[in-house]
Structure formats: C-alpha cells, structure tokens
Amino acid sequence: MADSITVTAPAKINIGLRVLPKRLDGYHSIESIFTTVPLYDTLTVSLDAPKETCIVECEGMNLPRENTFTTAYKAFCVLTGMKCGVRVHITKRIPSGGGLGGGSSDASSFIQSIDRLLNTRLASDDLHKIAGLVGSDVFFFTQALIEGHNRPFAALVEGRGELVTPVEPRNDYSIVLVFPKVSVSTKNAYSWVDSYNGKKASSLDMKKEFYKPIKEWQFSNDFTTPVSERFKEIVSAIAALKDCGADFADMSGSGSTVFGIFAKKEGEEVSSLARSSFEVLSKNWRIALA
C-alpha cells in the first residue's frame, strides 16, 4: 500500500446557469452545463498523520479548522470505518471565491485519493454519498473523476447538483479566464438572485444549445446581472473579452471569474485569437489561457 499520492484537481466553468426558487430544504435547484477546464490545484495526500486526524496544509491560505477536507475525511471514516490519519498539502492555482469550483474539486480529488491509498474501493454510489455531505458541486467533480482522471468532462447538472448527466465535451474552442480582484460570497449571490425582480425563467434546452455554433449561443447566467450590479469589475471584464473578439463571454457560477470562449479555426491547437487576447488582457488583468 502506497504512503502518499499526488493528484490534480481541475476547475470548471458554467456555460449557462439557471437558478430556480429556493426549495423547502433550503437549497436552490439549478440547471447548467458544467465543463472542466485545464486549470488545476495540486494535492499531495499522505498517511503520516496521527490516527483519526486530518491535517490540511494549504499554501497562501488560512483555512478554518473545519473545512471541506475535514468534512470529507469524517464522512469517509464514518462510511468505511477507517481510522487512519491523513495529511493533505494543497498548492492552489484556482482562485477561491471565483465560481470555478476549486474547493469542491479539491474535496473530490481528496476523497478519491484516500480511497486509493487505503484500497477501500468505494462504489460510485458511496462516493456520491460523501459528495452530498461536502458540497453541491462535489457531485460533478466526483463524476468527472469516475469518468476518467484529467480527461475533459462536461455534464448537464440539475437539482441541487446531484443530478449529473454527462454530455460529450467540445474541443473546438479555447477559453480565456479573467480574475477580477473581487471575491463573491455564494450565500450572498443566491440571496441577490432571490430578490432580483428582473430575472426571467428560461426554457432553453441547454444540451441542444451547447452544440450550436458558439456565436449563436443564447446561454445566460442568472447570477451575472445581480452580482455585476454590485461589482463593476465583472462588467468591465466581460466587456473586455467581447472587445477582444470572444464568441461568448459570461461569469462562471456565482462569480467572480469571467470567461471568454474563442472558437478555433481549422488546424488550430489553441485559438490564435485567444492567444492574442491573452497578450492584450494580461496587461491589465490577472488571467489564464485554458
């Protein structure tokens, strides 16, 4: 049995995001196309901690004593009966509070790393049980890892996030991510959506829309308007991407990361327009090319 394992945890973006009214259980149902993007945190998980202990080391961040890792660890121990101590060291590249699911992705990779280290061979249903105790986006990342580690993965996500229907990912575009210098509270963002009177229900068939030419996309994110009204940097970031020729631009999740999608021309590994946009926008913004 190995003593440690190093894995990566991908970010995601939401291409379209519909938020339904709050349910009786306090959650909101959503409808969205989630797709992984090649921006990764790195986790090293080892079995060198005291029994029944989860030690979390995160470069550049002070996590609270109780966090997604400790929650996932406790749920894993309850389910499996294991009492081994674990240590996890995280190198963060996915911005916190950016709507890219970094914390949820880290938790999912952490759970499956413990499973591999301890050879507990949890079934997918068990992994999803743990996901439900940790966070709504963990369902998507759990399924992404089940489908194939580090392979592109896309899905229609519904319910509180537990309904994950894989769809064929697209590889005909490049993505430029822009990180405004603001952090958006997910809890606040949902309250703003709830009180936003201008929001209209959408009947868009998201799976069908996803495969249309990108310039024809009618996707929208219900968070974008109420969040950007409070953070003008998000408005500026979307406008900057469109000015650079993005075929589609919007905010991911509840923010604050903004993404632009640039269709590739035939024979392009990476969109040349995305590359040039990266060069232009990097002068004024923190950005990434994915």
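This text goes with the structure placed above it.
Just so it is clear, the structure is predicted and the values come from calculations on it, not from any experiment.

*Asks:* Hey, could you go over the overall build of the protein for me, with residue numbers and the actual values?
*Replies:* Across its full length, the protein holds nine helices and 10 strands. In summary, the protein has a C-alpha radius of gyration of 19 Å against a globular reference of 19 Å for 290 residues, a match within 12%. C-alpha atoms of the protein, sized along the principal axes, occupy 55 × 45 × 35 Å. Here the protein holds 290 residues, and 51% of them are scored as buried. Carbon and sulfur atoms make up 49% of the accessible area of the protein, which totals about 13900 Å².

*Asks:* Account for the pattern of salt bridges, with residues named and values stated.
*Replies:* Scanning the model with the defined rule gives 11 salt bridges in all. Of the charged contacts, one joins aspartate 25 and arginine 23 as a salt bridge, the two residues approaching to 2.7 Å between their closest N and O atoms. Taken together, the salt bridges that share partners define one network made up of Asp41, Lys92 and Asp106.

*Asks:* Lay out the nonpolar core in plain terms, naming residues and giving numbers.
*Replies:* Ranked by internal contacts, the top residues of the largest apolar core, which has 62 residues, are Leu43, Phe110, Phe140, Phe223, Val227, Leu241 and Leu281. Grouped together as the second largest cluster of nonpolar side chains are 24 residues, Leu100, Val167, Phe210 and Phe219 included.

*Asks:* Mind laying out the sheet that holds strand 8 (residues 248-251), listing which residues take part and the relevant values?
*Replies:* Strand order in this open sheet of four strands is 8-9-7-10, and the pairing throughout is antiparallel. Two strands lie at the open edges of the sheet, namely strand 8 and strand 10 (286-289), each paired on one side alone. Recorded for the sheet is a direction-independent mean angle of 20° between the axes of neighbouring strands. Relative to strand 9 (residues 258-263), strand 8 runs antiparallel, the two being bridged by four bridges. Counterpart to methionine 251 in the pairing with strand 9 is valine 258.

*Asks:* Quick one: what's the story with the state of the cysteines, residue by residue and with numbers?
*Replies:* The full count for this structure, using the stated rule, is zero disulfides. You can see cysteine 84 has no disulfide; the closest cysteine sulfur is in cysteine 77, sitting 8.2 Å from it. With relative accessibility at 35%, the residue cysteine 84 sits in the partly exposed group.

*Asks:* I'd like to hear about the packing of helix 1 (residues 68-80) against helix 2 (residues 102-118), residue by residue, with values.
*Replies:* Running from N to C, helix 1 and helix 2 point in directions that differ by 35°, and their axes come no closer than 9 Å. Of the two possible hands of crossing, helix 1 and helix 2 adopt the one that is right-handed. Of the residues in helix 2, those touching helix 1 at Thr68, Phe69, Ala72, Tyr73 and Phe76 are Gly103, Asp106, Ala107, Phe110, Ile111, Ile114, Asp115 and Leu118. Tallied by class, residues from the contact of helix 1 with helix 2 come to nine nonpolar, two polar and two charged.

*Asks:* Got a sec to walk through helix 9 (residues 272-281)? Specific residues and values, please.
*Replies:* Considered for burial, the residues of helix 9 that qualify are Ala274, Ser277 and Leu281. In an axial view of helix 9, the angular spread of the buried residues amounts to 60°, which keeps them on one side of the axis. Elements that come into contact with the buried residues of helix 9 comprise strand 7 (173-179), helix 8 (232-243), strand 9 and strand 10. Where helix 9 begins, one side-chain oxygen reaches toward the backbone nitrogen of leucine 273, 3.3 Å away; that side chain belongs to serine 271.

*Asks:* How would you sum up unusual backbone geometry? Please name residues and give values.
*Replies:* Residues glycine 255 and serine 256 are joined by a peptide bond in cis, for which omega reads 15°. Position of serine 256 among the secondary structure elements: in the loop between strand 8 and strand 9. Here asparagine 119, not a glycine, exhibits a phi torsion of approximately 55°, which is positive. Mapping asparagine 119 onto the fold places it in the loop between helix 2 and helix 3 (124-134). According to the relative accessible area criterion, asparagine 119 is partly exposed, its value standing at 47%. Its identity is not glycine, yet arginine 121 carries a phi of approximately 50°, on the positive side.

The rules behind these values
Counting restarts for each chain, with residues numbered from 1 along the sequence as it is written. Only residues with pLDDT of at least 70 are given local features in this predicted model, and only at 80 or more are side-chain atom pairs given and counted; all residues enter the totals for whole chains, interfaces and linings. To obtain the side-chain values, all non-hydrogen atoms of the structure were included, while hydrogens and water were left out. Per the convention used, a helix needs a DSSP run of H or I reaching at least four residues, while a strand needs a run of E reaching at least two, with both numbered from the N terminus. Atoms counted for the radius of gyration: C-alpha only. Globule rule: 2.2 Å times residue count to the power 0.38. Think of it in three bands: with a 1.4 Å probe and only protein chains considered, a residue is buried below 20% of the maximum accessible area for its type, exposed above 50%, and partly exposed in between. All accessibility values rest on the Shrake-Rupley procedure with a 1.4 Å probe; residue burial counts only the protein chains present in the view. A side-chain nitrogen of Lys or Arg and a carboxyl oxygen of Asp or Glu constitute a salt bridge if their distance falls within 4 Å. In this text, buried Ala, Val, Leu, Ile, Met, Phe, Trp, Tyr and Cys residues form a nonpolar core when linked through side-chain atoms within 4.5 Å. DSSP bridges decide pairing: two strands pair if at least two such bridges lie between them. What counts as an axis is a line fitted to C-alpha atoms, over the stretch in contact for a helix, and the angles between N-to-C directions run from 0 to 180 degrees. Cysteine sulfur atoms that pair up within 2.5 Å are treated as a disulfide. Here a crossing is called left-handed whenever its near helix is offset anticlockwise from the far helix by less than a right angle, and right-handed whenever the offset is clockwise. Contacts between residues were defined by any pair of non-hydrogen atoms, one from each residue, lying within 4.5 Å. Amino acid classes used here: Ala, Val, Leu, Ile, Met, Phe, Trp, Tyr, Cys and Pro are nonpolar; Asp, Glu, Lys and Arg are charged; the rest, including Gly, are polar. Arc definition: directions from the helix axis to the C-beta atoms. Counted as a polar contact is a pair of N or O atoms within 3.5 Å, where, for protein atoms, one must be capable of donating a hydrogen and the other of accepting one, and residues adjacent in sequence contribute only when both atoms are in side chains.

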